[in-house]
Every structure is written in structure tokens, then in C-alpha cells.
Amino acid sequence: MSREAYYQRIAPQHMAPLWTRLKSLVPKEPTPVGVAHRWAYSELRPYVLEAAEHISAEEAERRVLILENPALVGSSQITQTLYAGLQLIMPGEVAPAHRHTQSALRFIVEGSGAYTAVDGEKTLMAPGDFVITPSWTWHHHGHDASGPMVWLDGLDIPITHFFGSTFREDHRDEEAAVTRPTGDALARYGSGLLPVGWRSGSLNSPVFNYPYARTREALHALTKAGAPDAHLGHLMRYVNPADGGWAMPTMATMIRLVPRAFATQPYRSSDSAVFVGVEGTGELRVGEQGFAITPHDIVVVPGWMAYTIHADSDLVLFSYSDRVAQEKLGFWREQRQ
Ligand code: GTQ
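Basis of the calculations
- Residues numbered from 1 in each chain as written.
- Predicted model: local features only at pLDDT ≥ 70, side-chain atom pairs only at ≥ 80, totals over all residues.
- Heavy atoms only, no water.
- Near = heavy atom within 4 Å.
- Polar contact = N/O pair within 3.5 Å; in protein donor to acceptor, adjacent residues only side chain to side chain.
- Areas by Shrake-Rupley, 256 points an atom, 1.4 Å probe, with all protein chains shown as cover.
- Helix = DSSP H or I, 4+ residues; strand = E, 2+ residues; numbered from the N terminus.
- Nonpolar A, V, L, I, M, F, W, Y, C, P; charged D, E, K, R; others polar.
- Contact = heavy atoms within 4.5 Å.
- Pairing = 2+ DSSP bridges.
- Axes fitted to C-alpha atoms, helices over the stretch in contact; angles between N-to-C directions.
- Phe/Tyr/Trp six-rings, centres within 6.5 Å; stacked < 30°, edge-to-face > 60°.
- Buried < 20%, exposed > 50% of the residue type's maximum accessible area, 1.4 Å probe, protein only.
- Lys NZ or Arg CZ within 6 Å of the ring centre and 35° of its normal.
- Patch = residues over 30% accessible without salt bridge, like charges linked within 9 Å, V, L, I, M, F, W, Y side chains within 5 Å.
- Salt bridge = Lys/Arg side-chain N within 4 Å of Asp/Glu carboxyl O.

Asker: Help me understand the site of the ligand in this model?
Answerer: Around the ligand, the structure places Arg62, Val64, Tyr83, Gln87, His98, His100, Arg106, His139, His141, Asp153 and Leu155. Interatomic distance of 2.9 Å between a side-chain N/O atom of histidine 98 and an oxygen atom of the ligand. Histidine 100 places a polar side-chain atom, nitrogen or oxygen, 2.9 Å from an oxygen atom of the ligand. When the ligand is considered free in solution it has 290 Å² of accessible area, and contact with the protein chains removes 89% of it. Those elements giving two or more residues to the shell around the ligand turn out to be β3 (83-89), β4 (94-100), β9 (139-143) and β10 (149-155). Partitioned by chemical class, the residues of the shell around the ligand number 3 nonpolar, 5 polar and 3 charged.

What follows is the structure, given as C-alpha cells:
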């Protein structure tokens, strides 16, 4: 009896041989999913602003243009585990309150005067700020000032779908109650101080807005203290001050400065990452491809693809990935070449 016939006879029992699949099920190392790609903000910007002519933030609930990996069309995924989108809010608008199991991060691109309210506290958003919306916290966004405001949304949507743990709830009111003064979380938890006797009951950092003004000062101070890491540049992670861990439970968030004329050595890690240009210009090279980076440009690099970063001027890059989740599960690997 041939093996093929055997495979056909076991198929109706909903069984299959492992030995024909073992090498692809348990490969030696990952095959990158999706492709590396750059979205040039100068090209996207007119389309993002045009969205306001087609729909209000209220009607859209979230007026966002999804950034989809060109090799994962229709998936709403920028990597196999992450979502990215550019959200627009115009003066006078409110993106109504809801909550969901997905965690969200905001990295602010342009504009001023818009706020997000998260779990009872409003924070004003400014370019370069990193803002957290923890899983299952009520949040709405609003804009009481002038001019369009755009930020990058990073969510772990594909992860929650993978686990089948997607829940959402709409608030009965357009705006959820604001119960604490603006700046309260940063003062209490983000100033090198913690309230005595306080214990975190959350998987997220109690600081939910990391203002760029502070981040920038820290990055530039580092450049005076010594040479950057050969593979990473001056790379810092956003920290949860309660436990020293990452700021969020599923998504790792980092920011780096690569000094003018510096080029990093090839580096790869098992987490696919989304990079956002903050200041300066340079190039991110992945294999044969070179992606010019100017402020607000977005580049995705699939996991386990080696990349280098070349800075023409002092280059500041924000990035997020699923590294936290991989680390917690014992999966994460890196390789310096
Ligand atoms: O701001 O709550 O880009 O729920 C996608 C889903 C943003 C948000 C997105 C969301 C949000």
C-alpha cells in the first residue's frame, strides 16, 4: 500500500501525517512574513487630510487610513501581529468613547491642541509624544483648537484576533467622564517619583503620555556621554516605572537617535517592527532595498530581516513591535551581524 493512499485513507478521519510537514511546521528559523515597505508621509498627507471631506470623526467613529503591508492585502495588518493606521481629527470633532481588548498606542505626527481621554484623564497631544490606551479602558479623542491633527495608531489587533479574544463596547455617551486633572498621571508616576504605598494593578505603565520634549532631552544627553551601540544607535525603550518593564504588555515601544554620519551594523530580531521618522534624515536599508527616511515617514521591517540605519543628520526614530509578547513567551531572538 502506497503512502499516498494511506494519507488519503486517514484524511476522512481528519488526520494528517506530521512527517510531510515537520520542516515547515517547525522550521530552523523564521521565514519573514510580509515585505519591507516605506510610506512617505509627504505622499500620504493629502489623502489623510482629504478623508475629512468624506466623513466626520463622529460618523467614522475613528477616521483612520490603515497602513497595510503590501504583501498582506485585505488583512489590515502591517505585520503578522500588528496594525497601523493614521488617524485624523479636525477642530470641533469628537471621536466617541469606546473600549476594546486591543491595546493601542499613539505616536503623534502633526498638529496641536487635540486631546485623548484615557481612563478618566485627558492628555493634550504634541508631535513626538507617545500615548498609551491600555486594553479595556474607555477612551475618546477630541480637538478644541485649530488645524488638523494626525497621529499614528499602533494596535495589537492581529494578536487579539489570533487568540479569539476580541471584545469591544461603545460608551453610552459620546464622551466618557473625565475624573482626574490633566497631567495627573505624569506628575504621580512619570517624574522619578511614585506615591508611597502605591502598587500597580495594571499590565500597563501608569504613565500614559510620554511627552517628546522629555524624550528628546534624554536622547540628546546620551550623545554627549559616549559612542552609540554599533548595531542599534542610542536606543531607549519606554519604561513602566512601576516595574521597570515595557510600557505595554503586547507592544514594545522604543525610540533611538542615530548620530549624523553614523551607520549601524546589520541587525535582525524575530519581532517585525514599525519605524516612524521623528527628526532628521537618513536611510533604512533592508537587504537590497534602501528606504529614505524624513520626519513622519513610516517603514515596516519584517522580523528576521537584517537592516541597517544610515543617518544623514541626527536621526530620531520611534519604533514598535511585538517584542514584549515574544519575550514573555520565550520566543524572542536577535542576531548581530
Ligand atoms: O482610536 O480607538 O486606528 O479603536 C483602530 C481602532 C484606532 C481608536 C484605530 C481603534 C482606534
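There's plenty left to go through after this.
Asker: I'm lost on the environment of phenylalanine 208 in this one. Help?
Answerer: With respect to the element layout, phenylalanine 208 can be found in the loop between α6 (184-189) and β12 (209-210). Taking the C-alpha atoms as reference points, phenylalanine 208 and threonine 123, 85 residues apart in sequence, are found 8.5 Å from one another. Residues contacting phenylalanine 208, with those up to four places away along its chain left out, are Val118, Glu121, Lys122, Thr123, Phe130, Val131, Ile132 and Ala185.

Asker: How should I be thinking about the sheet that holds strand β13 (residues 234-237) in this particular structure?
Answerer: Neighbouring strands of a sheet are bound in pairs by backbone hydrogen bonds; such pairs are parallel or else antiparallel. Spatially, β1-β19-β16-β21-β14-β13 is the arrangement adopted by the 6 strands of the open sheet, whose pairing is antiparallel. Every interior strand has two partners, whereas the edge strands, β1 (37-39) and β13, have only one. With direction set aside, neighbouring strand axes in the sheet form an average angle of 20°. Pairing of strand β16 (residues 273-279) with strand β21 (residues 315-321), which is carried by 6 bridges, proceeds in the antiparallel orientation. Bridge assignment links valine 274 to a residue of β21, and that residue is tyrosine 320. Sitting on the sheet, helix α7 (residues 212-225) touches β13, β14 (252-258), β16 and β21, and the angle it makes with β14 is about 50°.

Asker: I'm lost on the packing of aromatic side chains in this one. Help?
Answerer: Both the distance between ring centres and the angle between the ring planes are used here to describe each pair of aromatic rings. Within the structure shown, the criterion is met by 13 aromatic pairs. Pairing phenylalanine 107 with phenylalanine 318 gives two aromatic rings, centres 4.1 Å apart and planes at 15°, and the pair type is stacked. Of this pair, phenylalanine 107 sits in strand β5 (residues 104-110) while phenylalanine 318 sits in strand β21, placing them 211 residues apart in sequence. For the pair shown, phenylalanine 107 and phenylalanine 318 are each scored as buried. Put simply, the rings of Phe107, Phe130, Tyr210, Tyr238, Phe318 and Tyr320 touch in pairs and so form one group of aromatic residues. Across the ring face of tyrosine 115, the terminal group of lysine 122 is positioned such that the distance to the ring centre comes to 4.1 Å.

Asker: Is there a simple way to think about the environment of glutamate 29 in this case?
Answerer: Mapped onto the secondary structure, glutamate 29 falls in the loop between α2 (22-25) and β1. C-alpha separation for the pair glutamate 29 and glycine 287, spaced 258 residues apart in sequence, amounts to 17 Å. When near neighbours in sequence (up to four residues on either side) are disregarded, glutamate 29 contacts Arg268 and Trp304. Here the side chain of glutamate 29 touches tryptophan 304 through a polar contact of 3.4 Å, side chain to side chain.

Asker: Help me out: how do you make sense of unusual backbone geometry in this one?
Answerer: For residues other than glycine, phi is negative in most cases, and the peptide bonds are mostly trans. Phi is positive for aspartate 119, which is not a glycine, with a value near 55°. Here aspartate 119 is to be found in the loop between β6 (114-118) and β7 (121-124).

Asker: Explain a nonpolar patch on the surface here, please?
Answerer: On the surface, Leu18, Leu22, Leu25 and Val26 cluster together into a nonpolar patch covering about 380 Å² of accessible area. Tracing the sequence through the fold places leucine 22 in helix α2. Leucine 22 gets classed as partly exposed once you look at its relative accessible area, which sits at 38%.

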